Amino acid sequence: MELLRMSKAAKRLGIHPMTLRQWAIDGKIPFSWVGRERRFSSVDVENMKRGDASSQRPRLEVLYVRVSGSSGQESSLLAQEEELRATATGKVVKVVKDRGSGLREDRPGLNRLIAMVSDGSVTVVRVTHEDRLARFGVGWLKRLFSVYGVSVEVLHPKKSGGRDELLEDFVSLVTTFAGRLYGMRSAEARKRLLAETGQCQQQDDAA
C-alpha cells in the first residue's frame, strides 16, 4: 500500500485536487495526516476509482467571481475569471459575476448560481477564495449544494479578501444596522404622533 499525495491521488481518479479535498472533508474517502498534508491510501483510491459513480460524472464547472463595489474593479473580476479558467479541468458551463458585499444574501449572481445548482446544470462550483462566495454562511451553502451532488472548490483556501473590501463590508454592515435602527425609531415616532393626534381629537370632541 502506498500513501499518495493529494495531487497524485486526484490524478489517478481523474478529478481536480480540490474535488478530492472536498470528498475527504465530506468523509467520502478515507485519508491520513502526514504533517499538515492529507495522504490517501492507494487501495482506497483504486476502490474509489472502480466503485464511485460520482467520479464518472461529467465535470460541469460554474465559475463564480465577485467584487464588492457597484462600479469599477473590472480588472479584479477579470483576474478571478482568468485564474479559474486556467485551472479548469472540466467544461466551464458559465461564469457568474456579482457586484456587492459578501454580506448580502440577495445578490443576483448568487441567486443564479443557486438556481443552476438546483436544476442540475453544474456539478462543481469554483471560486478563487471562499469569501468570494460569502463572508459568512459558506458552510450552509456547501451543505445545500451537496444535497444536489454539487461540490464547492476553493482555489486558494483560507485566504481572505483585501483590506479595502473588508472595510467596505464593515461599512455595509454598519449602514444596514443604522438603516434598521432609523426605521425602528421612525416607526416609534409615527406611533407617538398618531397617539398624540388621537388624544388631541378626543379633547376637541369633549370640548
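Our structure's up above, just so we're on the same page.
Residues numbered from 1 in each chain as written. Predicted model: local features only at pLDDT ≥ 70, side-chain atom pairs only at ≥ 80, totals over all residues. Heavy atoms only, no water.

Asker: Even after reading the chapter, I still don't get the sheet that holds strand 7 (residues 151–154), so can you show me in this structure?
Answerer: Paired through backbone hydrogen bonds, the strands of a sheet run either parallel or antiparallel to each other. Pairing is parallel in the open sheet, where four strands are placed in the order 5-4-6-7. In the strand order of this sheet, the two ends are held by strand 5 (91–99) and strand 7, each with one partner. Mean inter-strand twist for the sheet, computed between neighbouring axes without regard to direction, equals 25 degrees. Alignment of strand 4 (residues 60–67) against strand 6 (residues 124–127), held across three bridges, turns out to be parallel. Looking at strand 6, one finds that E61 is bridged to V124. Set on the sheet, helix 4 (residues 74–86) makes contact with strand 4, strand 5 and strand 6; between it and strand 4 the angle comes to about 155 degrees. (Pairing = 2+ DSSP bridges. Helix = DSSP H or I, 4+ residues; strand = E, 2+ residues; numbered from the N terminus. Axes fitted to C-alpha atoms, helices over the stretch in contact; angles between N-to-C directions. Contact = heavy atoms within 4.5 Å.)

Asker: Is there a simple way to explain helix 5 (residues 108–118) in this structure?
Answerer: Three- or four-residue spacings in an α-helix give side chains the same orientation, since the helix completes a turn every 3.6 residues. For helix 5, the complete set of buried residues consists of G109, L110, L113, M116 and V117. Around the axis of helix 5, the buried residues are gathered within 120 degrees of arc, so they sit on the same side. G120, located one to two residues past helix 5, shows a positive phi value of around 80 degrees. (Buried < 20%, exposed > 50% of the residue type's maximum accessible area, 1.4 Å probe, protein only. Arc of directions from axis to C-beta.)

Asker: Which parts of the structure should I look at to understand the side chain of R21?
Answerer: Here R21 shows up in helix 2 (residues 17–25). Despite its burial, R21 pairs with no opposite charge; the closest candidate is E130, at 6.3 Å N-O. Apart from the residues within four sequence positions on either side, R21 is in contact with M6, R38 and P157. (Lys, Arg positive; Asp, Glu negative; His and termini not counted. Salt bridge = Lys/Arg side-chain N within 4 Å of Asp/Glu carboxyl O.)

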